[in-house]
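What follows is the residue order along each chain.
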Amino acid sequence: MIEPRPLPRLLAPATNRLLLLLFFVGVSAAAFAQQPDRPPPPPPPNHAPFGNDRPPPPPPPPPGWNAGAPNTQPPAASPVPPATAVTPEPTAATPAVVEGSVADLENKLADARRSNDSQRIDSALIRLADAQLQAGQSNAALPLLDEAVNLADRYDDDAQGREAALMLAKAYVALGDTGMSETWTTRAEQFRERIERRIAPLPEATAATSNAAPAAVPVVASDAQVADVANNTRAPTSHNTIWLWLLLPAFLLLAWAWLRSQRKADDLQGETERLARHQKHLRNAHENLQQQAEHLRQTATQDALTGALTRQAFANDLAELLHHAQHYGKPVAFLLFDLDHFKAVNDTYGHLAGDIALKMVAGVVRENLESKDLFGRFGGDEFLIACMDGDATSTPTLAENIRASVRKHALDGHDSLHEISVSIGIAIADREQGYEMAALFSRADTALYAAKRAGRDCVRLADANLATPPGSEFPLRSLAATPNDI
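Owing to the predicted nature of the structure, the values given are computational and were not obtained by experimental measurement. (Residues numbered from 1 in each chain as written. Predicted model: local features only at pLDDT ≥ 70, side-chain atom pairs only at ≥ 80, totals over all residues. Heavy atoms only, no water.)

### Quick look at the side chain of E382
Okay, step 1: Within the secondary structure, E382 sits in strand β3 (residues 382-388).
Okay, step 2: Among the residues examined, E382 registers a relative accessible area of 10% and is labelled buried.
Okay, step 3: Beyond its immediate stretch of four places on either side in the chain, E382 contacts F337, D338, R377, L448 and R477. (Helix = DSSP H or I, 4+ residues; strand = E, 2+ residues; numbered from the N terminus. Buried < 20%, exposed > 50% of the residue type's maximum accessible area, 1.4 Å probe, protein only. Contact = heavy atoms within 4.5 Å.)

### As for helix α6 (residues 158-175)
Okay, step 1: An ideal rise of 1.5 Å per residue puts 26 Å on 18 residues; α6 measures up with 25 Å between its terminal C-alpha atoms.
Okay, step 2: Burial within α6 is extensive, with 15 of its 18 residues counted as buried.
Okay, step 3: Directly after α6, the chain includes G176, whose backbone phi takes a positive value near 85°. (Expected span 1.5 Å × (residues − 1).)

### Regarding unusual backbone geometry
Okay, step 1: One non-glycine residue, D156, lies in positive phi territory at about 55°.
Okay, step 2: Examined against the element boundaries, D156 turns out to sit in the loop between α5 (138-154) and α6.

### Thoughts on the pairing of β3
Okay, step 1: With seven of its seven residues buried, β3 lies for the most part within the structure.
Okay, step 2: Burial along β3 is two-sided: the residues E382, L384, A386 and M388 and F383, I385 and C387 are all buried.
Okay, step 3: Here seven bridges tie strand β1 (residues 332-340) to β3, and the two strands are oriented antiparallel to one another. Note that in β3 the partner of L336 across the bridge is L384.
Okay, step 4: Pairing of strand β2 (residues 374-379) with β3, which is carried by five bridges, proceeds in the antiparallel orientation. Looking at β3, one finds that L374 is bridged to A386.
Okay, step 5: Hairpin connection between β2 and β3: a loop of two residues separates the two successive antiparallel strands, and G380 in this loop has a positive phi of roughly 65°. (Pairing = 2+ DSSP bridges.)

### Let's talk about the pattern of salt bridges
Okay, step 1: In total, this model carries 17 salt bridges according to the counting rule given.
Okay, step 2: Between E147 and R113 there is a salt bridge; the shortest N-O distance is 2.8 Å. In this pair, E147 is assigned in helix α5 and R113 in helix α3 (residues 102-115), connecting sequence segments 34 residues apart.
Okay, step 3: Here R113 falls in the partly exposed class, since its relative accessible area comes to 36%.
Okay, step 4: Members of the salt-bridge network, linked through shared partners, are D153, D156, D158, R187, R194 and R198. (Salt bridge = Lys/Arg side-chain N within 4 Å of Asp/Glu carboxyl O.)

### Remarks on the environment of T299
Okay, step 1: Structurally, T299 can be placed in helix α9 (residues 239-301).
Okay, step 2: In this structure, the C-alpha to C-alpha distance between T299 and T310, residues 11 residues apart in sequence, is 8.8 Å.

### Quick look at the nonpolar core
Okay, step 1: With 32 residues, the main nonpolar core has F337, L339, V361, F375, I385, I420 and I424 as its most contacted residues.
Okay, step 2: For this core, the leading source of residues is helix α12 (residues 351-368), giving eight residues.
Okay, step 3: Aside from chain neighbours lying at most four places away, what touches F337 is V361, V365, F375, D381, E382, F383, I385, V422, S423, I424 and L448.
Okay, step 4: Core analysis: the next-biggest nonpolar cluster, separate from the first, contains 29 residues, A124, A165, L166 and Y172 among them. (Core = buried A, V, L, I, M, F, W, Y, C linked by side-chain atoms within 4.5 Å.)

### Remarks on the packing of aromatic side chains
Okay, step 1: Applying the stated criterion across every chain, the model contains five aromatic pairs.
Okay, step 2: Note on F375 and F383: the rings are 5.7 Å apart at their centroids and 15° apart in plane angle, and the pair reads as stacked.
Okay, step 3: By the ring-pair criterion, three or more aromatic residues cluster together here, those being F314, F334, F378 and F441. (Phe/Tyr/Trp six-rings, centres within 6.5 Å; stacked < 30°, edge-to-face > 60°.)

### Regarding a nonpolar patch on the surface
Okay, step 1: On the surface, a cluster of nonpolar side chains totalling about 430 Å² of accessible area is made up of I242, W243, L246 and L247.
Okay, step 2: When you line up the elements, L247 lands in helix α9.
Okay, step 3: Assessed through its relative accessible area of 33%, L247 is described here as partly exposed. (Patch = residues over 30% accessible without salt bridge, like charges linked within 9 Å, V, L, I, M, F, W, Y side chains within 5 Å. Areas by Shrake-Rupley, 256 points an atom, 1.4 Å probe, with all protein chains shown as cover.)

### Quick word on helix α4 (residues 118-134)
Okay, step 1: In a regular helix each residue adds 1.5 Å, so 17 residues correspond to 24 Å; α4 covers 24 Å between its end C-alpha atoms and thus fits that length.
Okay, step 2: Of all 17 residues in α4, 14 are buried, a share of seventy percent or more.
Okay, step 3: Put simply, D117 is the residue that caps the front of α4, since its side-chain oxygen is 3.3 Å from the backbone nitrogen of Q119.
Okay, step 4: Note on α4: the residue one or two positions beyond its end, G136, has a positive phi of about 80°. (Polar contact = N/O pair within 3.5 Å; in protein donor to acceptor, adjacent residues only side chain to side chain.)

Purely geometric stuff here, so don't read any function into it on its own.
What follows is the structure, encoded as structure tokens:
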């Protein structure tokens, strides 16, 4: 039987998944390339990036302002480091006043929270807190400034963190808590030191040509430097557009290849379905031929009326059985019998009654045989039996059981069966008498003739004492010769 071929379309899903993945990658790259650059966050309030917690140094005096006066100034002292905790001045630490009311700034904070932009949220928190401080709502500004400091720590925004810390110090001054004010002033100094470590120091100012001692000048970064470090502005992504144009031909080629493969897969699928239908038709035809062959085999090997083996089939099986028995030295019992007065039954009651008698005898024989025994119809009312391992002791008993059972069923059956009986002749094939099938059949035929001469309805075993029947009264017969005869 032809096995179905695998569908070629099995390769299509994997190719489709790969093409679909490449398509999504290309769409994502195109969307990323066309996305506008993120606008930079608003610049910090206009104040010095660090050092606002103490007043700036005074400007140098104009030259010659005290030329006539005696030099009573003490010698120049070494630079004094700045104090760690100084109360911030409102004018230096407070960011620029935000226009609008507190309600407007609260709305801007809500918009910033919806955008999920950390810098925008931080800036909105500081501006709202500054407006609340100016309105005298220091307690309301504290949680906003705490949140701003936490956001600055999370996203490393030191400029916003320092601004929020200074405003917290200012709020605690307004509340009269100098301890917390000094704590947040120290925190602002920490933010300032982190900014100084991230930027390169500016060159120190040259000493003045005047006789006055130069004052210690702290290193101050410009607003542009602080903004560059704090915001980390992303470089423009104009090169993504170039990659988009480079990938566009590749995607067009992949789309064309996908459409072509899809069309080819559809063609192969149609061809596969056509072959499957043709294969199904061939399978049905093969099954019909097998059924017809089995029917012909049964017709050639089984008798249609009794179900017994035909004469030729029985001869073939008997030849194999004798060959096997001769190889292993086992005996084989062969029984040949026919129905007594069968012609009278046909003439009196018709052929239908004769067919019933034949079926009844065949059924009785099967009840007394084993599955390995052979049972066939020689022709007309004559039947054949062959039993492996049957000897001269057990076989007559089997034959007598068959004879008695047939007689009992005939008497118990219809009136047309009352005269039915069987005469059985037995022959044994063994090492002494040989395993030739023709000689075996001849001895059984002689025994059957002896049973007929003894008055019918009896069993006879072939031996040397039995006389050969004359050809005029009982012509000798034989099984059909086969190539498998021994």
